[in-house]
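Chain residues, written in single-letter form:
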Amino acid sequence: MSTRRNFLKLSAFTAGLFTINKSKAIENIARSNAKQIKPVVISTWSHGMAANEGAWKVLSSNGTALDAVEKGVMVTEDDLTNLSVGLGGLPDRDGHVTLDASIMDEKGRCAGVAFLERIKHPISVARMVMEKTPHVLMVGEGAQKFALDNGFKLESKELTPEADKAYKEWLKKSEYKPVINIENHDTIGMVALDAHGNLSGSCTTSGLAYKMHGRVGDSPIIGAGMYVDNEVGAACATGLGETVLKICGSYQVVEFMRQGLSPEEACKKTVERLIKKSPNYKDVQVGFLALNKNGEHGAYSLQKGFNYALYTPENGNKLFDAKSFI
Ligand code: SD4
């Protein structure tokens, strides 16, 4: 009996040891896998360079992709000299700066805010909608009230001197035409992979300059301006939002990656799809960025002139020209 008891004790002891060793082994594998994953961040246009620096501070200190894509684009939102993102953006045709933004993480949590006025960091409001509400999209006065109730400050409704000057000039003719690659529609979209192997994305903009009051673009719409599927990859869009909305652009890029295409091929195929659905494609610019689960990245645009900033541990932060259809 006592032998049996001893045997049971010993078995329990060795089983315990085995469990400890096994869980240590799993931890070690996880740790060594984590070591192999190199963080990457990629974002649209040359203002992506400064935004990437903000994101890299988070990624290089083992932070999450979600924090990185929020902190990264906040740099652009903070820059009042930027005429296409944040409160320094060009207004709509009635003189209001109205902001759109969206964010999405590796768990598939997401949210957007649209037609938001007088709030400095729409991306952080979007994140708060994602984290504190059961909703995915909030707009206008309701979104603003939600922001103010949660500690955001109501900023001035005055245009910056630069935006005011441009608006007054525009008012002389009051003519709206999307102009390719000119700074009247340069959203910042950002996608990142962190050292834990997780993807997140963000997108923030003042939208098309001199748009109709109330117009919302692709940037705050999950799947259009930005999309993340942590099993596959992440994508974001810039350019004429109406054309991107029609084809659920960023979702389409991720779905093409799911089918096995490289990030660049996925962006290219999505641009080709967009062209089929947009008879006016020669007069507009659209660009996509994509990053897959392995940290491979790519971009493609409709017209020449789309560039993007890429930050990798090997090469640092660099600006690249995207290949284009035209
Ligand atoms: C929009 N896609 O509101 C945004 C504008 C923009 O680069 O990208 N620009 O349609």
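Residues numbered from 1 in each chain as written. Predicted model: local features only at pLDDT ≥ 70, side-chain atom pairs only at ≥ 80, totals over all residues. Heavy atoms only, no water.

Quick question: what am I supposed to make of the sheet that holds strand β11 (residues 307-312) here?
Strand pairing within a sheet occurs via backbone hydrogen bonds; the two strands may be parallel or antiparallel. Read from one edge of the open sheet, 8 strands run β4-β3-β2-β6-β5-β1-β11-β12, paired in mixed fashion. The open sheet terminates on both sides in strands that have one partner only, identified here as β4 (137-139) and β12 (316-321). Ignoring strand direction, the axes of neighbouring strands in this sheet form an average angle of 10°. Pairing of strand β1 (residues 40-44) with β11 involves 4 bridges; the strand directions are antiparallel. Of the residues in β11, the one forming a bridge with Ser43 is Ala309. Where helix α2 (residues 48-59) meets the sheet, its contacts fall on β1, β5 (188-193), β11 and β12, and the angle it forms with β1 comes to roughly 155°. (Pairing = 2+ DSSP bridges. Helix = DSSP H or I, 4+ residues; strand = E, 2+ residues; numbered from the N terminus. Axes fitted to C-alpha atoms, helices over the stretch in contact; angles between N-to-C directions. Contact = heavy atoms within 4.5 Å.)

Looking at this structure, how should I read the pattern of salt bridges?
Side chains that carry opposite charge are capable of pairing whenever their charged atoms lie near each other. Inspection of the entire model under this criterion finds 18 salt bridges. Salt-bridge contacts for Glu155 lead to Lys153; the nearest nitrogen and oxygen are separated by 3.8 Å. Taken together, the shared-partner salt bridges in this structure form one network comprising Asp67, Glu70, Lys71, Asp105, Arg109, Arg127 and Glu131. (Salt bridge = Lys/Arg side-chain N within 4 Å of Asp/Glu carboxyl O.)

Looking at this structure, I do not really get a nonpolar patch on the surface. What am I missing?
On the surface, Val136, Leu137 and Val139 cluster together into a nonpolar patch covering about 230 Å² of accessible area. By secondary structure assignment, the location of Val139 is in strand β4. (Patch = residues over 30% accessible without salt bridge, like charges linked within 9 Å, V, L, I, M, F, W, Y side chains within 5 Å. Areas by Shrake-Rupley, 256 points an atom, 1.4 Å probe, with all protein chains shown as cover.)

So what exactly am I meant to see when it comes to the environment of Ala143 here?
Secondary-structure assignment places Ala143 in helix α5 (residues 140-149). Sequence separation between Ala143 and Phe115 is 28 residues; the distance between their C-alpha atoms is 8.4 Å. The contacts of Ala143, once residues within four sequence positions are left out, are Val113, Leu116, Val125 and Met138.

Where do I start with the nonpolar core in this structure?
Generally speaking, a soluble globular protein has its nonpolar side chains buried in company with each other. With 45 residues, the main nonpolar core has Val253 and Phe288 as its most contacted residues. With near-sequence residues (within four places) excluded, Val253 lies in contact with Ala235, Ala266, Cys267, Thr270, Phe288 and Ala290. (Core = buried A, V, L, I, M, F, W, Y, C linked by side-chain atoms within 4.5 Å. Buried < 20%, exposed > 50% of the residue type's maximum accessible area, 1.4 Å probe, protein only.)

Please clarify how the confidence of the model for the protein should be interpreted in this entry.
Low pLDDT marks stretches whose predicted atomic positions should not be read closely. For the protein, mean pLDDT is 90; residues scoring 70 or higher make up 87% of the total. Counting interchain partners and residues more than four positions distant, the pLDDT-below-50 stretch residues 1-22 has 0 contacts. Low pLDDT, under 50, characterises residues 25-34; the stretch is placed with 1 contact to residues that sit more than four places away or in other chains. (pLDDT = per-residue confidence, 0-100.)

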